[in-house]
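Residues per chain are reported as follows:
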Amino acid sequence: QLRLCSALALVTGAGSGIGRAVSVRLAREGAAVAACDLDEAAASETVRLLGGRGSEEVAPCGGHAAFQADVSEAGAVRRLLEQVQACFSRPPSVVVSCAGITRDEFLLHMSEDDWDKVIAVNLKGIFLVTQAAAQLLVSSGCHASIINISSITGKVGNMGQTNYAASKAGVIGLTQTAARELGRHGIRCNSVLPGFITTPMTQKVPQKVLDKVTGMIPMGHLGDPEDVADVVAFLASEDSGYITGASVEVTGGLFM
Ligand code: NAD
């Protein structure tokens, strides 16, 4: 049984890794997907995988569509929500923020620019998307599920990632507060904390480090993007209808 037949899902960071797997999974559950990425070609490629249209053919659309936006820019996020609403004639009932970056450096050497950039995309980006979506949803009286991708690093920290860990801890607090404020409007907000997942982001991590981490994971292997997408699909669906403000770890047991 398809769980998201009448849903419209907006996915950011949809052009790669977890965001792409989430887009595929939600589409399989019956949702129409608005796939957004900074990289327009990558978002269009995701939509092609879903069997939809590229951004150049966005309107009028029935199935899925690609959108380009930088989530760290307020104007771009506002335009994104307007475009999605215009394209599908309704606000998204599922919003999944997967866009994220790393700029790793030890605290003693981290530049202000590396700090600012990661906070801008990973934390302010989620604030902007959550706020813009919530404004649209509250004014139109629609129920919805907002899912923000944090990280287990936001809970336990990680060497060389003060900026990233701070941004991901921020996402947890932001999402819990949004859950408190939006619950009475029928909008659920949850964050997902992946552990180490095999994507282009973790391809940058040295093999030595990955081997060490793998040794610490009770399940004995890194996760796949689909492992995260399965949990996102659950949180998007009514199967999780009474869950809000939760931080769900998808780590294979790492740092329990
Ligand atoms: P990825 O690099 O494969 O994908 C990230 C996507 O975000 C890319 O397509 C990129 O173009 C897009 N993006 C970057 N900046 C953007 C911006 N300003 N506006 C719009 N889109 C932008 O990474 P991933 O591993 O799939 O990570 C997805 C999310 O999961 C991130 O938030 C990441 O922090 C989080 N996460 C990943 C892991 C992991 O092990 N891979 C673990 C925990 C959390």
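Calculation rules
- Residues numbered from 1 in each chain as written.
- Predicted model: local features only at pLDDT ≥ 70, side-chain atom pairs only at ≥ 80, totals over all residues.
- Heavy atoms only, no water.
- Axes fitted to C-alpha atoms, helices over the stretch in contact; angles between N-to-C directions.
- Helix = DSSP H or I, 4+ residues; strand = E, 2+ residues; numbered from the N terminus.
- Parallel < 35°, antiparallel > 145°, perpendicular 65-115°, else oblique.
- Left-handed = near helix turned anticlockwise from the far one by under 90°.
- Contact = heavy atoms within 4.5 Å.
- Nonpolar A, V, L, I, M, F, W, Y, C, P; charged D, E, K, R; others polar.
- Polar contact = N/O pair within 3.5 Å; in protein donor to acceptor, adjacent residues only side chain to side chain.
- Patch = residues over 30% accessible without salt bridge, like charges linked within 9 Å, V, L, I, M, F, W, Y side chains within 5 Å.
- Areas by Shrake-Rupley, 256 points an atom, 1.4 Å probe, with all protein chains shown as cover.
- Salt bridge = Lys/Arg side-chain N within 4 Å of Asp/Glu carboxyl O.
- Buried < 20%, exposed > 50% of the residue type's maximum accessible area, 1.4 Å probe, protein only.
- Near = heavy atom within 4 Å.
- Pairing = 2+ DSSP bridges.
- Right-handed = clockwise from strand over helix to strand, strands pointing away.

Participant: What am I meant to see in the packing of helix 3 (residues 74–88) against helix 4 (residues 112–140) here?
Facilitator: A pair of packed helices is characterised by two quantities: the angle between their axes and the separation of those axes. Where helix 3 contacts helix 4, the axes come no closer than 10 Å and their chain directions differ by 40°. One way to sum up the angle between helix 3 and helix 4 is to call them oblique. For the pair helix 3 and helix 4, the crossing hand works out as right-handed. Residue-level inspection shows A74, V77, L81 and Q85 of helix 3 in contact with helix 4, the latter providing L128, V129, A132, A133 and L136. Split by residue class, the contact of helix 3 with helix 4 holds eight nonpolar, one polar and no charged.

Participant: Can you walk me through the side chain of N163 in this structure?
Facilitator: By secondary structure assignment, the location of N163 is in helix 6 (residues 162–182). At 3.2 Å, the side chain of N163 and the backbone oxygen of D114 are in polar contact. For N163, the residues in contact, after removing those within four places along its chain, are R103, M110, D114, W115, V118 and I119.

Participant: How should a nonpolar patch on the surface be read in this particular structure?
Facilitator: A contiguous nonpolar patch, built from V156, M216 and F255 and spanning about 250 Å² of accessible area, is present on the exposed surface. When you line up the elements, V156 lands in helix 5 (residues 153–156).

Participant: Sorry, what's going on with the pattern of salt bridges here?
Facilitator: For side chains of opposite charge, pairing can occur when their charged atoms come near one another. According to the stated counting rule, one finds eight salt bridges in the structure shown. R3 is the salt-bridge partner of D239, the closest N and O atoms lying 2.9 Å from each other. With D239 in the loop between helix 9 (225–236) and strand 7 (247–250) and R3 in the segment before strand 1 (8–12), the pair connects residues that are 236 residues apart, well separated along the chain. The exposure class of D239 is exposed, given its relative accessible area of 52%. Judged by its relative accessible area of 28%, R3 is partly exposed. Salt-bridge contacts for E45 lead to R48; the nearest nitrogen and oxygen are separated by 2.8 Å. Of the two residues, E45 and R48 both sit in helix 2 (residues 40–50), three residues apart, roughly one turn of that helix.

Participant: I would appreciate a short explanation of the site of the ligand in the present structure.
Facilitator: Taken together, the neighbourhood of the ligand is formed by 28 residues, with S16, I18, D37, Y164 and T199 sitting nearest. Take Y164: an N or O atom from its side chain is 2.5 Å from an oxygen atom of the ligand. Within the backbone of I197, a nitrogen or oxygen atom sits 2.8 Å from an oxygen atom of the ligand. Taking 830 Å² as the accessible area of the ligand by itself, protein coverage stands at 92%. The set of elements that each furnish at least two residues to the shell around the ligand consists of helix 1 (17–28), helix 6 and helix 7 (200–203).

Participant: Teacher, can you tell me more about the pairing of strand 1 here?
Facilitator: Remember that side chains alternate between the two faces of the sheet whenever the strand is regular. Across the five residues of strand 1, five count as buried, placing the element largely inside the fold. Of the two faces of strand 1, the one lined by L8, L10 and T12 and the one lined by A9 and V11 are each fully buried. By the bridge criterion, five bridges tie strand 1 to strand 2 (residues 32–37) in an arrangement that is parallel. Within the sheet, the bridge partner assigned to L8 lies in strand 2 and is A32.

Participant: Explanation requested: the environment of Q85 in the structure shown.
Facilitator: On the secondary structure map, Q85 appears in helix 3. With a relative accessible area of 29%, Q85 lands in the partly exposed category. A sequence separation of 13 residues divides Q85 from C98, and the C-alpha atoms of the two residues are 20 Å apart. Non-local contacts of Q85, meaning those with residues more than four positions away in its chain, are made with R90, P91 and L136.

Participant: Explain the pairing of strand 2 here, please?
Facilitator: Counting buried residues along strand 2, six of its six residues qualify, which places the element largely inside the surrounding structure. One crossover worth recording links strand 1 to the parallel strand 2 by way of helix 1, and it is right-handed. Two strands pair when backbone bridges link them, and strand 2 and strand 3 (residues 65–68) are joined in this way by four bridges, in the parallel orientation. Each residue of the ladder has a partner; that of A35, found in strand 3, is A66.

Participant: I tried to follow the environment of C5 on my own but got confused; where do I start?
Facilitator: Examined against the element boundaries, C5 turns out to sit in the segment before strand 1. Sequence separation of C5 and Q83 is 78 residues, and the distance between their C-alpha atoms is 21 Å.

Participant: Honestly, the sheet that holds strand 1 in this entry has me stumped. Any pointers?
Facilitator: The strands making up a sheet associate through hydrogen bonds between their backbones, and the pairing can be parallel or antiparallel. What the seven strands build is an open sheet, ordered 3-2-1-4-5-6-7; its pairing is parallel. Of all strands in the sheet, those with a lone pairing partner are strand 3 and strand 7, marking the two edges. Across the sheet, the mean angle from the axis of one strand to that of its neighbour is 20°, orientation sign disregarded. Looking at chain direction, strand 5 (residues 144–149) and strand 6 (residues 187–194) are connected through six bridges and run parallel. Residue pairing across strands places A144 opposite I187, the latter belonging to strand 6. Each of strand 2 and strand 3 touches helix 2; the most contacted strand, strand 2, lies at about 160° to it.

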